Amino acid sequence: MKAIFKTMSVIVAVLVVCSLAVVTANAAGKKIVVGFSQIGAESAWRVANTESIISEAKKYPNIELKFSDAQQKQENQIKAIRSFIAQGVDVIAFSPVVETGWTPVLKEAKRAGIPVILSDRAVDTDDDSLWVSFMGSDFVEEGRRAAQWLVDNYERLKNPAKSMQVVNIVELQGTVGSAPAIDRKVGFEEVIVKYPNFKIIKSQSGDFTRSKGKEVMEAFMKAEGKKIDVLFGHNDDMAIGAIQAIEEFGLKPGKDIIIVSIDAVRGAFEAMLDGKLNCTVECSPLLGPQLFQAVNDLMAGKTLPRRIVTEEGVFPQEVAAETLPTRKY
Ligand code: GZL
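The rules behind each value
- Residues numbered from 1 in each chain as written.
- Predicted model: local features only at pLDDT ≥ 70, side-chain atom pairs only at ≥ 80, totals over all residues.
- Heavy atoms only, no water.
- Pairing = 2+ DSSP bridges.
- Helix = DSSP H or I, 4+ residues; strand = E, 2+ residues; numbered from the N terminus.
- Axes fitted to C-alpha atoms, helices over the stretch in contact; angles between N-to-C directions.
- Contact = heavy atoms within 4.5 Å.
- Expected span 1.5 Å × (residues − 1).
- Buried < 20%, exposed > 50% of the residue type's maximum accessible area, 1.4 Å probe, protein only.
- Core = buried A, V, L, I, M, F, W, Y, C linked by side-chain atoms within 4.5 Å.
- Salt bridge = Lys/Arg side-chain N within 4 Å of Asp/Glu carboxyl O.
- Parallel < 35°, antiparallel > 145°, perpendicular 65-115°, else oblique.
- Left-handed = near helix turned anticlockwise from the far one by under 90°.
- Nonpolar A, V, L, I, M, F, W, Y, C, P; charged D, E, K, R; others polar.
- Near = heavy atom within 4 Å.
- Polar contact = N/O pair within 3.5 Å; in protein donor to acceptor, adjacent residues only side chain to side chain.
- Areas by Shrake-Rupley, 256 points an atom, 1.4 Å probe, with all protein chains shown as cover.
- Domains from an automatic or database assignment.
- Phe/Tyr/Trp six-rings, centres within 6.5 Å; stacked < 30°, edge-to-face > 60°.

Enquirer: Hey, could you run me through the sheet that holds strand E7 (residues 198-205) in this one?
Expert: Strand-to-strand pairing in sheets goes through backbone hydrogen bonds, with the strands running parallel or antiparallel. One open sheet holds the six strands; their spatial order is E7-E6-E8-E9-E10-E12, and the pairing between them is mixed. Of all strands in the sheet, those with a lone pairing partner are E7 and strand E12 (314-316), marking the two edges. Averaged over neighbouring strand pairs, the angle between their axes works out to 15 degrees when direction is ignored. The strands touched by helix H8 (residues 210-224) are strand E6 (167-173), E7 and strand E8 (230-233); relative to E7, the strand with the most contacts, the crossing angle is about 135 degrees.

What follows is the structure, encoded as structure tokens:
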């Protein structure tokens, strides 16, 4: 009899301690812990994206952000996600550097009962239950917009007589295997194919960085030189690097070679004001507000939309001066 009483009193004591712990935690306002794996700092866009996420998290006293920078390496992102799982965070969010290779680690997050939000870029997995929402731009549409601006404006910008001849385009692609690089190319070619005189004569990855964009453009100039009529850059940073290569070759960027790129970062507006870039298609990095609104909604038991698309515009050189003062990144 005594033994039973003793056991019961131990169980009661444990229950009291646990419920006190829960009360203390709630009373102390247990924070929502968010683990965010960022790709790196490869471009001005990425730096602005990081700033948006970190500054927005600070606006929520109920949120603790664990932030990790992967230096553009998928293995570092996978390590970070595993670490977030081990720490028992409440939500994992990440911008996947490439589309594939995520299923195993996302299954581990699912087994741990941790919801995953995709920020900026999508993943290619056959199990859509592995993530709850994807927020970011429509990269295919961005590619379409770049090409449509080009075919609508090329004749006005270049020697009209040339407009009836073949227009030679070189393309600086983003990071190989990344959603923006794959989709922007798809969208651009979807439009260009309707205009047979526009031809992509060279296409190579500049990995979304200024330095690589310059290096690849130097190779394009060496191979094709004055044959090049247009540069399509998958982001502004590579286009800005390419501008240096064009000038060092002795040609005028924005005049001898028409340049259209994507992101609409401050550097692109400055290059347009210098007459060296002709158009930038907006891709907003300011995802922090959407992300933490989604986190709070998720933790309040709401169902998130599977897809949250960012609204964006197109900025040609002629609007650069009036637009630049209004830009937030
Ligand atoms: C697009 C983003 C891309 C930007 C690049 O949403 O993933 O990555 O276009 C950045 O500038 O490096």
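Okay, back to it.
Enquirer: Any chance you could explain helix H11 (residues 288-299) here in plain terms?
Expert: Along an α-helix, a turn takes 3.6 residues, which lines up residues three or four apart on a common side. A rise of 1.5 Å per residue sets the reference length of H11, with its 12 residues, at 16 Å; its end C-alpha atoms lie 17 Å apart and thus fit the reference within 8%. Within H11, burial applies to Gly-288, Leu-291, Phe-292, Ala-294, Val-295, Asn-296, Asp-297 and Leu-298. Looking at the buried positions of H11, the neighbouring elements they touch are strand E1 (32-38), helix H2 (44-57), strand E2 (63-69), strand E3 (91-94), strand E4 (116-119) and strand E5 (133-136). Phi for Gly-301, located one or two positions after H11, is positive at around 90 degrees.

Enquirer: Where do I start with the nonpolar core in this structure?
Expert: A general trend in soluble globular proteins is that nonpolar side chains are found buried together. If you look at the biggest cluster of nonpolar residues, it comprises 52 residues, and the most contacted ones within it are Leu-150, Met-217 and Ile-257. At seven residues, helix H5 (residues 139-157) tops the list of elements feeding residues into this core. Leaving out residues up to four positions away in the same chain, Met-217 has contacts with Val-170, Leu-172, Ile-228, Leu-231, Ala-242, Ala-245, Ile-246 and Ile-257. Membership of the second largest hydrophobic core comes to 24 residues, among which are Ile-78, Val-98, Val-116 and Trp-131.

Enquirer: How should I be thinking about unusual backbone geometry in this particular structure?
Expert: With the exception of glycine, most residues fall at negative phi, and the peptide bonds are largely trans. You will see that Asp-263, though not glycine, has its phi angle at about 130 degrees, which is positive. Tracing the chain through its elements places Asp-263 in strand E9 (residues 258-263). We classify Asp-263 as buried; its relative accessible area is 3%. Located in the positive-phi region is Ala-264, a residue other than glycine, with phi close to 65 degrees.

Enquirer: What is the right way to read the pattern of salt bridges from this model?
Expert: Where charged atoms from two side chains of opposite charge approach closely, those side chains can pair. In this structure the tally under the stated criterion is 25 salt bridges. In this structure, the salt-bridge partner of Asp-90 is Lys-30, at a minimum N-O distance of 3.7 Å. A residue pair is termed long-range when its members are at least 10 positions apart, and Asp-90 in the loop between helix H3 (74-87) and E3 and Lys-30 in the loop between helix H1 (2-27) and E1 qualify at 60 residues. Ionic pairing is found between Lys-276 and Glu-247, a salt bridge with its closest N-O pair at 2.8 Å.

Enquirer: Sorry if this is basic, but what is going on with the packing of H2 against H11 here?
Expert: The relative placement of two packed helices comes down to the angle between their axes together with the axis-to-axis distance. Two elements in contact, H2 and H11, have axes whose closest approach is 8 Å; the angle formed by their N-to-C orientations is 45 degrees. Compared by their axis directions, H2 and H11 come out oblique. Note that H2 runs across H11; the crossing there is right-handed. Note on element contacts: H11 touches H2 through Gly-288, Pro-289, Leu-291 and Phe-292, opposite Ser-52, Ile-53, Glu-56 and Ala-57. A class-by-class count of the residues in the contact of H2 with H11 yields five nonpolar, two polar and one charged.

Enquirer: Explanation requested: the site of the ligand in the structure shown.
Expert: As a matter of local geometry, the ligand sits amid 13 residues, with Glu-42, Asp-120, Arg-121, Arg-184 and Asp-263 nearest to it. Contact distances for the ligand include 2.9 Å between an oxygen atom and a side-chain N or O atom of Ser-43. At 3.0 Å from an oxygen atom of the ligand is found a side-chain nitrogen or oxygen belonging to Arg-46. Notes on the ligand: free accessible area 320 Å², of which the protein chains cover 100%. When contributions to the shell around the ligand are tallied by element, the ones reaching two or more residues are H2 and helix H7 (179-192). Classifying every residue of the shell around the ligand gives five nonpolar, two polar and six charged. Both domains that furnish three or more residues to the shell around the ligand are identified here as domain 1 (32-137 + 285-311) and domain 2 (139-283).

Enquirer: What's the story with the packing of aromatic side chains in this structure? I'm lost.
Expert: Describing an aromatic ring pair means giving the distance of the ring centres and the angle of the ring planes. Going through the model one piece at a time under the given rule, you end up with seven aromatic pairs. With a centroid separation of 6.3 Å and an interplanar angle of 40 degrees, the aromatic rings of Tyr-60 and Phe-292 are classed as tilted. Residue Tyr-60 is located in the loop between H2 and E2, and its partner Phe-292 is located in helix H11; the two are separated by 232 residues in the primary sequence. Like Phe-292, Tyr-60 is buried.

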